[in-house]
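Tertiary structure, described
Here are the chains, one letter per residue:
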Amino acid sequence: MKNFKNNIPELLIYSRLVIAWIILTLGIAKPKGVESAICTLLVIGLVTDIFDGIIARYLHISTTHLRQLDTKIDRLFWITALFVTLFLHPLFLFQHWLGLSILLVTELMTWLIGKVKFKNNISFHSILSKFWAISILITLIDVILDGHADITFAVTFWYGLIVQLDILLITLILPEFQCDIPSTWHAIRIRKGKTIGRLKIFNG
């Protein structure tokens, strides 16, 4: 029973791969009611993302491997969700290609800078990034159901730039590789050799 409990976080992480595959299949096949089905799956995917970390920390098994795996699969999940959304509503891509490109490029740049500095895949799970996931979810649902999301995308775009700046600053400030750094302020404290507090629900 204990071994099964310890596997729950990893199972939740890998479940997003399955959900992403189902979303992709539905998006291509376009059966009746596909929009509602995909939106429901997106919500389920975000819920698994929230609880895999909480459960891992509760069981004291929040390892570097698990956190990095979570980040990798999160990235694949959201890229798949974005692809399917744009496939269903290509006009949204033509209207917002510049903003989407900027977000994707900044995401790639922060990853590359972290990779070069630490020779490892960064996985900070900052507090700001957690709320950005919710913003992305709302925007995608808005597009899938209505075909447009001017206001929600604008919020997601500008907030996303703030998130990427926070991640970049954490990367530049942090003296050595670590996972689960809540914010730039926490990275500064670590660089000064001070301890940092974490909320268990976020990064504890």
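Cut-offs used in this document
- Residues numbered from 1 in each chain as written.
- Predicted model: local features only at pLDDT ≥ 70, side-chain atom pairs only at ≥ 80, totals over all residues.
- Heavy atoms only, no water.
- Phe/Tyr/Trp six-rings, centres within 6.5 Å; stacked < 30°, edge-to-face > 60°.
- Helix = DSSP H or I, 4+ residues; strand = E, 2+ residues; numbered from the N terminus.
- Buried < 20%, exposed > 50% of the residue type's maximum accessible area, 1.4 Å probe, protein only.
- Axes fitted to C-alpha atoms, helices over the stretch in contact; angles between N-to-C directions.
- Parallel < 35°, antiparallel > 145°, perpendicular 65-115°, else oblique.
- Left-handed = near helix turned anticlockwise from the far one by under 90°.
- Contact = heavy atoms within 4.5 Å.
- Nonpolar A, V, L, I, M, F, W, Y, C, P; charged D, E, K, R; others polar.
- Salt bridge = Lys/Arg side-chain N within 4 Å of Asp/Glu carboxyl O.
- Arc of directions from axis to C-beta.

**Looking at the packing of aromatic side chains**
Evaluation of the coordinates by the stated rule reveals six aromatic pairs. Summarising the aromatic geometry, the rings of F153 and F157 are spaced 6.3 Å apart at their centres and angled 35 degrees between planes, so their arrangement reads as tilted. You can see F153 and its partner F157 sitting in helix α6 (residues 150–173), four residues apart, about one turn around the helix. Classification of F153 by relative accessible area gives buried; the value is 8%. The exposure class of F157 is buried, given its relative accessible area of 11%. A centroid spacing of 5.0 Å and a plane angle of 80 degrees characterise the contact between F157 and W158, whose relative ring orientation is edge-to-face. Joined through ring pairs, the aromatic side chains of F92, F153, F157 and W158 make up one cluster.

**Some points on the environment of V47**
Its location among the elements puts V47 in helix α2 (residues 34–58). Separated by 35 residues in sequence, V47 and L12 place their C-alpha atoms 9.3 Å apart.

**Quick notes on the packing of helix α3 (residues 64–88) against helix α5 (residues 127–146)**
At a minimum axis distance of 10 Å, the contact between α3 and α5 shows a crossing angle of 20 degrees. By the angle between their directions, the pair α3 and α5 is classed as roughly parallel. Seen from above, α3 lies across α5 with left-handed handedness. Residues R67, W78, A81, L82 and T85 of α3 pack against K130, A133, I136, L137, L140, V143 and I144 of α5. Classifying every residue of the contact of α3 with α5 gives nine nonpolar, one polar and two charged.

**What to know about the pattern of salt bridges**
Close approach of charged atoms lets side chains of opposite charge pair. According to the stated counting rule, one finds seven salt bridges in the structure shown. When the shortest N-O distance is used, the salt bridge between D70 and R67 registers 3.7 Å. Placement of both D70 and R67 in helix α3 is noted, with a separation of three residues, approximately one turn of the helix. The pair formed by D70 and R67 is uniform in burial state, with each residue classed as buried. One continuous salt-bridge network, built from bridges that share partners, spans R16, D49, D52, R67, D70, D74 and D180.

**Some words on helix α7 (residues 184–191)**
In an α-helix, one full turn covers 3.6 residues, which means residues spaced three or four apart are oriented alike. Here α7 has its buried residues at T184, H186, A187 and I190. Relative to the axis of α7, the buried residues are bounded by an arc of 160 degrees and lie together on one face. Here the buried face of α7 lies against α6. Where α7 terminates, the next one or two residues include G193, which has phi positive at roughly 80 degrees.

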